[in-house]
Amino acid sequence: MMSGTVHSRFVSELRSFYLVTLLNVVFAALAVALGIQYIVLSINGLAGGQPVSLVRVATAAVSMVAFGLGISWITAGARIMGGLTSIRRACLSKEGPVPAEVTTSGIIRMIAHYRANKKTIRTMILVCTIGGFCFLALGIISSVEFFSMGLLSGTITLNTYSVLPAALFSLGIAIVSLVSSYYFMKFSKAWDLREDTLSRSEPELAEALERDPR
């Protein structure tokens, strides 16, 4: 009989995986919006007659990469969440002592979901890592622009302050992205091990079924 500790651990891990994925989808949408904002600001700056600088070119280039990564981020996250939602509902809908069959079924479904979306999850790890460094770069560039504008003008104006929120926001997304990448790698290693364990037992199960007199 499966202990309640196994069920609690599985539900806790499932909940954590779901929350990290949900957080990534939300921040991916914000990343897309921020990427568009940086692109628009760069284009408006050039259209307004502002000189072309290395910082502005770098910002536009990194913004376009971040925008593309954000779209991939949302697509991958939504695909993973779709399967996780139904598994969570099945495991959390029971009140009182949970039958071992429910936990076993949930674990098997989770392994199957992971197996079907292994490539997507690995893409998420890559996207989170690259996206984290892209937004880290945007945050650093915006911070440099903020301080350089203040130093050149000698005063902190409204235009100078308008750069600061984008810089802080970019740094925040960068931190979430890199931390999420770490957690996705952690989940991936754990479920790789469980998938490998299940794969090794499948031939034994098939052999036992073949020997079944019925």
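Quick caveat, the model's predicted, so the values are computed rather than measured.

Rules behind the numbers
Residues numbered from 1 in each chain as written. Predicted model: local features only at pLDDT ≥ 70, side-chain atom pairs only at ≥ 80, totals over all residues. Heavy atoms only, no water. Helix = DSSP H or I, 4+ residues; strand = E, 2+ residues; numbered from the N terminus. Buried < 20%, exposed > 50% of the residue type's maximum accessible area, 1.4 Å probe, protein only. Contact = heavy atoms within 4.5 Å. Areas by Shrake-Rupley, 256 points an atom, 1.4 Å probe, with all protein chains shown as cover. Polar contact = N/O pair within 3.5 Å; in protein donor to acceptor, adjacent residues only side chain to side chain.

## Re the overall build of the chain
Looking only at helices and strands, the chain has five helices and zero strands in total. When the elements of the chain are put in sequence order from the N terminus, they spell out α-α-α-α-α. Burial status across the chain gives 36% buried among its 214 residues. Within the chain, counting contacts between residues at least 6 apart in sequence, those at least 24 apart form 85% of the total. Total accessible area on the chain stands at roughly 12300 Å², and carbon and sulfur atoms take up 68% of it.

## Here's the deal with the side chain of Glu195
Assignment of secondary structure puts Glu195 in helix H5 (residues 158–211). At a separation of 2.8 Å, a polar atom in the side chain of Glu195 contacts the side chain of Lys118.

## A word on the environment of Lys118
Looking at the element boundaries, Lys118 is found in helix H4 (residues 118–153). Accessibility expressed as a relative area gives 22% for Lys118, which makes it partly exposed. Along the sequence, Lys118 and Ser188 sit 70 residues apart, while their C-alpha atoms lie 8.0 Å from each other. If we ignore the near neighbours within four places in the chain, the residues touching Lys118 are Asp192 and Glu195.

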